[in-house]
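Examination of the molecular architecture
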Amino acid sequence: MLLQRAYAKINLTLDVLGRRDDGYHEVDMVMQTVDLSDVIWLEPREDGEITMESASSSVPVDERNLCVQAAQAFRRRTGFAGGVHIQLEKNIPVAAGLAGGSSDAAAVLRGLNQLAGAGLTLDELADIGAEVGSDVPYCVYGGLAIARGRGERVARYPHVPSMYAVLLHPRLFVSTADVYRGLEPSDFTSSPRSEEMVRCLVEGDHERAVALVYNALERVTLSLYPELRALKERVTSIAQRPVHMSGSGPTMFVLTPVQTHAQRLYNALRGIMKDVYVCRFVGGYHQAHAPS
Ligand code: ATP
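The shown structure was predicted, so the numbers you read here are calculated from the model rather than taken from an experiment. (Residues numbered from 1 in each chain as written. Predicted model: local features only at pLDDT ≥ 70, side-chain atom pairs only at ≥ 80, totals over all residues. Heavy atoms only, no water.)

Right, let's get into the UniProt feature "binding site: ATP" (unreviewed entry) in the chain. UniProt's entry tags Pro93, Val94, Ala95, Ala96, Gly97, Leu98, Ala99, Gly100, Gly101, Ser102 and Ser103 with the feature "binding site: ATP" (unreviewed entry), counted in the numbering of this structure. As for the largest cavity, its lining draws on Ser103 from among the annotated residues. Position of alanine 95 among the secondary structure elements: in the loop between β4 (83-89) and α2 (100-115). Not counting residues within four places of it along the chain, the set of residues in contact with alanine 95 comprises Phe173, Gly249 and Pro250. Mapped onto the fold, glycine 100 is located in helix α2. (UniProt positions renumbered as here; feature names shortened; annotations may be inferred. 1 Å grid on protein atoms, 1.4 Å probe; cavity = no way out; pocket = protein on both sides within 12 Å on 5 of 7 lines; lining within 4 Å. Helix = DSSP H or I, 4+ residues; strand = E, 2+ residues; numbered from the N terminus. Contact = heavy atoms within 4.5 Å.)

Structural data, given as structure tokens:
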């Protein structure tokens with residue numbers, strides 16, 4: 001039995017450059033792994049089947065699950081014929097803008113690479129991951145990165161910013177497709193702020209980094225879901241710090257470089273919401289101090 005952790009990500013920037021002819025949007029985003037994780041156990045099966053179970057009722061455990069799709073893609077691309085049973089402990093909120101499903105898929109790819117003894121590099125696994133979903137290649141590496149294209153072109157940075165994120169998940173279903181459909185030409189930009197964000201983080205200029213956080217999808221999500229706008233205002237007044245959204249939402253986050261401050265924010269926000277998490281920024285799998 002092999003254990004893999006699948007970490008959540010937040011978007012520190014999310015710029016949309018425009019809409020492509022294939023229907024996808026061209027994005028430019030700073031992604032950062034945080035230490036909120038699902039746990040995945042992989043157990044070889046003698047009968048060559050891919051099977052799955054999860055105590056969580058919030059995800060399907062058949063071919064609709066990105067874990068199963070990742071296992072299928074791995075076998076297709078490597079010729080590996082072995083079976084596997086996937087057990088998923090779901091801790092990352094689902095459809096939350098935290099890439100939980102993509103991270104699970106990436107964990108299955110990394111795990112199967114070990115189980116099968118295939119010896120693929122992370123670049124090769126990321127290439128397989130692009131078949132499963134746009135965010136999977138980033139999740140194969142994790143850490144601090146800029147993702148471009150539809151998200152699958154990843155530039156990695158070895159730096160681990162010393163920063164904490166307090167995440168709030170409002171338990172509201174947000175349709176990612178509706179959010180992207182709601183983008184207007186005025187939401188597009190030709191000068192994304194990702195490189196400046198990475199520069200600030202690498203130089204340790206935390207206050208400037210916090211001021212640079214931006215998400216082009218936030219305007220759309222907040223206009224589609226007015227209750228989220230009201231919640232954001234409430235959280236901003238409690239936190240006395242900028243509050244931002246990750247991905248297409250609905251998860252919001254507040255950043256601080258000070259751990260005790262993050263804990264105080266957590267205590268204050270737990271008073272108004274159930275799903276609040278204090279997370280630390282963590283590095284990627286390509287780094288010496290990679291998460292397990
Ligand atoms: P992103 O930030 O990449 O847009 P997300 O956090 O918004 O992702 P996910 O939690 O990855 O969204 O889930 C999106 C959809 O994928 C859900 O509708 C869910 O049913 C489906 N799904 C398939 N497999 C998984 C999985 N292992 N974990 C979570 N969701 C999964």
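Moving on from the model shown.
Here we come to the domain arrangement of the chain. One can read the domain layout of the chain as domain 1 (2-157) and domain 2 (164-280). If you average the C-alpha positions of domain 1 and of domain 2, the two centres end up 23 Å apart. Each partner contributes residues to the interface: domain 1 has 30 residues there, and domain 2 has 35 residues. Viewed at the interface, domain 2 and domain 1 are joined by three salt bridges. We note a salt bridge from aspartate 15 to arginine 193, for which the minimum N-O separation is 2.9 Å. Elements with a contribution of two residues or more to the side of domain 1 that touches domain 2: β1 (2-19), β2 (25-45) and β5 (144-149). No other element matches the eleven residues that β1 contributes to the side of domain 1 that touches domain 2. (Domains from an automatic or database assignment. Salt bridge = Lys/Arg side-chain N within 4 Å of Asp/Glu carboxyl O.)

So, about the pattern of salt bridges. Tallying each qualifying case throughout the model produces 21 salt bridges. As a salt-bridge pair, glutamate 218 and lysine 232 come within 2.4 Å of each other at their nearest N and O atoms. Of this pair, glutamate 218 sits in helix α8 (residues 218-224) while lysine 232 is found in helix α9 (residues 226-239), placing the two residues 14 residues apart along the sequence. Judged by relative accessible area, which is 10%, glutamate 218 ranks as buried. Several salt bridges share partner residues, and in doing so they unite Arg20, Asp22, Glu26 and Arg153 into one network. (Buried < 20%, exposed > 50% of the residue type's maximum accessible area, 1.4 Å probe, protein only.)

What follows covers the UniProt feature "domain: GHMP kinase N-terminal" (unreviewed entry) in the chain. Residues annotated by UniProt as "domain: GHMP kinase N-terminal" (unreviewed entry) correspond here to residues 65-143. Segment residues 65-143 splits into 58% helix and 9% strand. End C-alpha atoms: 24 Å apart.

Now for α9. In this model α9 runs 20 Å from its N-terminal to its C-terminal C-alpha over 14 residues, within 8% of the 20 Å that 1.5 Å per residue would give. The complete set of buried residues in α9 reads Leu228, Leu231, Lys232, Val235 and Ala239. Axial view of α9: buried residues confined to an arc of 105°, hence all on one face. Of the exposed residues in α9, those oriented more than 90 degrees away from the buried face are Pro226 and Glu233. Of the surrounding elements, those touching the buried residues of α9 are β7 (164-168), α8, β10 (252-256) and α10 (259-270). Just past α9, the residue glutamine 240 takes up positive phi, approximately 55°. (Expected span 1.5 Å × (residues − 1). Arc of directions from axis to C-beta.)

Across all of its chains, the model carries one aromatic pair by this definition. Note that arginine 110 overlies the ring of tyrosine 285, its terminal NZ or CZ placed 3.5 Å from the centroid. Against the face of tyrosine 24 rests arginine 150, its NZ or CZ located 5.2 Å from the ring centre. (Phe/Tyr/Trp six-rings, centres within 6.5 Å; stacked < 30°, edge-to-face > 60°. Lys NZ or Arg CZ within 6 Å of the ring centre and 35° of its normal.)

Under the criterion given, the structure shown has one cavity of 30 Å³ or more. When its volume is computed, the largest cavity comes out at roughly 60 Å³. Every residue along the wall of the largest cavity is listed here: Tyr7, Ala8, Lys9, Thr33, Ser103, Arg110, Tyr138, Cys139, Gly142 and Tyr285. Secondary-structure elements contributing two or more residues to the lining of the largest cavity are β1, α2 and α4 (136-141). Sorting elements by how many residues they give to the lining of the largest cavity places β1 first, with three residues. Each residue belonging to the lining of the largest cavity can be placed in one class, and the counts come to five nonpolar, three polar and two charged. (Points joined across faces, edges and corners; volume = space filled by probe spheres on them. Nonpolar A, V, L, I, M, F, W, Y, C, P; charged D, E, K, R; others polar.)

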